[in-house]
Amino acid sequence: MSLYQLQKFLYVLNRDEAAQRKYHSDIDAFIGEFDLTDEEANALREGDIGLLYVLGVNGQILMHYAALLGIEWFDYLDMMREGIEKHGPVRAGVYTMTGGGASFTEEEKNR
Amino acid sequence: MSLVYAGALSHAPGITGRAHLCENTARRDEFLAALDRQRQDIEDSGAEALIVVAAEHFANFFMNNMPAYCIGIGDTYEGPIEDPEWLRIERTKIPGAPDLATRLTREIMQTVDVAYAEEWKFDHGIMVPLNFLTPKYDLPIIPVNINCQGPPLTPLHRAWVFGEALRRACDSVPEKLALVATGGVSHWPATPDSGKINETWDRQFLGQLTRLEKDKLLSYSDEETYAQAGQGGFEIRTYIAAAVAAGGQGHLQFYTAELPIFAVGVTVMKFDIDTAA
């Protein structure tokens with residue numbers, strides 16, 4: 001578990017256009033710059049929002065990453081819920097007490 | 001006395017990014033009208049710069065070197081850091097006020113060890129408010145950040161002292177200054193519980209804030225806030241700082257829990273400036 005490194009990867013990616021170019025052109029080299037577990041590296045390679053959430057990535061970092069990947073808002077929420085269903089509760093970080101999530105908007109229910 | 005306006009408003013990215021999905025358009029339009037009144041109030045105040053007390057979201061500050069408090073003294077800023085199409089705000093440059101901000105920083109430092117930054121990329125926490133309050137980006141901005149995201153967080157009683165320091169700094173310069181806090185009351189932003197709002201908690205806190213009830217405002221523990229108001233509730237630090245800087249009666253100009261698509265209890269406030277302080 002290296003949540004700090006995992007979040008650092010996303011923090012750098014979210015704010016740095018050069019990092020974004022590297023991410024798209026050679027993701028393995030970019031991943032190699034951080035001390036990540038295989039599970040974390042694979043989650044990043046696959047853009048696995050659900051697993052990244054369960055690993056403890058702060059939503060304010062994860063939300064921006066999802067936007068960078070072009071993921072629509074309600075799909076982003078679904079991915080986190082599916083991650084909890086598949087991998088269990090959030091393992092680290094500030095969300096370890098957060099529930100599994102429900103739909104709180106009519107817009108989402110009506111889509 | 002150079003603080004000529006003080007207020008607070010919500011900054012959630014959904015306010016611009018998901019406005020087109022909102023089904024309760026009547027409430028949304030009431031909110032937009034309240035924001036436009038706030039813009040007009042700031043313009044009418046004659047403010048020469050706008051201090052934005054924000055709670056940024058890992059756009060500039062990270063756990064490698066996290067300041068509890070930081071003030072921007074840069075010439076210019078840029079934003080939004082997010083995908084402009086996602087936030088529905090075009091990327092732009094925003095003027096700073098380096099000389100003025102440096103003088104404010106020197107005065108704040110008399111009581112608070114504030115960090116400073118000449119580089120600052122604005123995220124939705126500042127860009128959404130500016131989109132409504134200074135839509136032409138023609139008013140110099142002085143960004144201020146309170147870490148409300150990466151615990152350990154500054155205690156509420158230090159946010160109170162920071163608000164006092166902000167006011168003292170504003171009073172020490174001849175320029176007319178407006179100040180807004182941006183943040184949220186209860187919300188669970190960017191999590192699977194996004195859209196959840198605790199209206200009872202919100203109204204209790206906001207009522208205490210309008211009356212500047214120090215003992216009650218400083219009694220919230222982070223554990224209680226997290227349980228009742230989510231991680232987003234940590235952002236009450238910005239509201240407390242602004243209310244203290246103003247020092248007078250607060251006015252809740254708009255509040256609704258009926259826009260959960262914005263993922264926050266939506267708030268617009270104004271604070272009277274206490275000139276007797």
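Residues numbered from 1 in each chain as written. Chains lettered and ligands numbered in written order. Predicted model: local features only at pLDDT ≥ 70, side-chain atom pairs only at ≥ 80, totals over all residues.

Engineer: How would you explain the overall build of chain A if you had to name every residue and give the values?
Structural biologist: Counting secondary structure elements, chain A contains eight helices and zero strands. In chain A, the succession of helices and strands from N to C terminus is α-α-α-α-α-α-α-α. Taking 111 residues into account, the globule formula puts the C-alpha radius of gyration at 13 Å, and chain A, at 14 Å, falls close to it. The C-alpha extent of chain A, read off along each of the three principal axes, is 40 × 25 × 20 Å. Within chain A, the proportion of its 111 residues that are buried is 39%. If you take every contact in chain A between residues at least 6 apart in sequence, the share linking residues at least 24 apart comes to 68%. (Helix = DSSP H or I, 4+ residues; strand = E, 2+ residues; numbered from the N terminus. Rg over C-alpha atoms; globule rule 2.2 N^0.38 Å. Buried ≥ 20, exposed ≤ 12 C-beta atoms within 10 Å, placed from the backbone. Contact = placed C-beta atoms within 7 Å.)

Engineer: Give me the sheet that holds strand β10 (residues 266-273) of chain B: which residues, what numbers.
Structural biologist: All names here are of chain B. Sheet architecture is open: eight strands sit in the order β6-β3-β7-β2-β8-β1-β10-β9, paired in mixed fashion. Across the chains shown, the open sheet's two edge strands, defined by having one partner strand only, are β6 (115-117) and β9 (247-256). Across the sheet, the mean angle separating the axes of adjacent strands is 20° when strand polarity is ignored. Sitting on the sheet, helix α2 (residues 25-44) touches β1 (3-10), β2 (49-54), β8 (177-183), β9 and β10, and the angle it makes with β9 is about 150°. Packed on one face of the sheet, helix α10 (residues 236-246) meets β1, β2, β7 (141-146), β8, β9 and β10 and runs near 155° to β8. (Pairing = 2+ DSSP bridges. Axes fitted to C-alpha atoms, helices over the stretch in contact; angles between N-to-C directions.)

Engineer: So what's going on with the interface of chain A and chain B? Which residues, and what values?
Structural biologist: At the interface, 30 residues of chain A touch 28 residues of chain B. Of all elements in the fold, only α1 (3-15), α6 (59-68), α7 (73-87) and α8 (106-109) of chain A reach the threshold of two or more residues within the side of chain A that touches chain B. The element contributing the most residues to the side of chain A that touches chain B is α6 of chain A, with eight residues. Tallied by class, residues from the side of chain A that touches chain B come to 15 nonpolar, 10 polar and five charged. (Nonpolar A, V, L, I, M, F, W, Y, C, P; charged D, E, K, R; others polar.)

Engineer: Summarise the environment of A43 of chain A; cite the residues concerned and give the values.
Structural biologist: Residue and element names in this part refer to chain A. Examined against the element boundaries, A43 turns out to sit in helix α4 (residues 38-46). Looking at A43, the number of C-beta atoms within 10 Å reads 23, which means it is buried. Those residues in contact with A43, other than ones at most four positions away along the chain, are D48, L51, L52 and L55.

Engineer: Explain unusual backbone geometry to me, using residue names and the numbers behind them.
Structural biologist: All names here are of chain B. Cis geometry marks the peptide bond from G79 to P80, where omega comes out at 0°. For P80, the position within the fold is in the loop between β4 (76-79) and α3 (84-87). The backbone phi angle of R88 is positive, close to 60°, even though this residue is not glycine. A tally of 18 C-beta atoms within 10 Å means that R88 is categorised as partly exposed. One non-glycine residue, A190, adopts positive backbone phi at about 65°. With respect to the secondary-structure elements, A190 resides in the loop between β8 and α7 (199-210). Residue classification places A190 among the buried residues on the basis of 28 C-beta atoms within 10 Å.

Engineer: Help me get a handle on α4 of chain A, residues and values and all.
Structural biologist: All names here are of chain A. Every buried residue of α4 is accounted for by E40, A43 and L44. Burial along α4 is one-sided: seen end-on, the buried residues are contained in an arc of 95°. Residues D38, R45 and E46 are exposed on α4 and point more than 90 degrees away from its buried face. On its buried face, α4 is in contact with α1, α3 (27-31) and α5 (49-54). Just downstream of α4 lies G47, where phi reads positive at about 60°. (Arc of directions from axis to C-beta.)

Engineer: Could you give an account of the confidence of the model for chain B, with specific residues and numbers?
Structural biologist: Considering every residue of chain B, the mean pLDDT works out to 96; 99% of them sit at 70 or more. On the interface metric, ipTM, the complex scores 0.89, and its pTM is 0.95. (pLDDT = per-residue confidence, 0-100.)

Engineer: Go over the environment of E175 of chain B with me, naming the residues and quoting the values.
Structural biologist: Residues and elements named next belong to chain B. Of note, E175 is situated in the loop between α6 (156-171) and β8. With 16 C-beta atoms counted inside 10 Å, the residue E175 sits in the partly exposed group. Sequence spacing of E175 and L3 is 172 residues, and the spatial spacing of their C-alpha atoms is 8.5 Å. If near-sequence neighbours (up to four positions away) are discounted, E175 is found in contact with S2, E48, A49 and L100.

Engineer: Break down the pairing of β4 of chain B for me, with residues and values.
Structural biologist: Residues and elements named next belong to chain B. Every second residue of β4 is oriented toward a common face, the buried set being Y77 and G79 and the non-buried set T76 and E78. Relative to strand β5 (residues 92-95), β4 runs antiparallel, the two sharing four bridges. Directly across from G79, in β5, lies its bridge partner T92.

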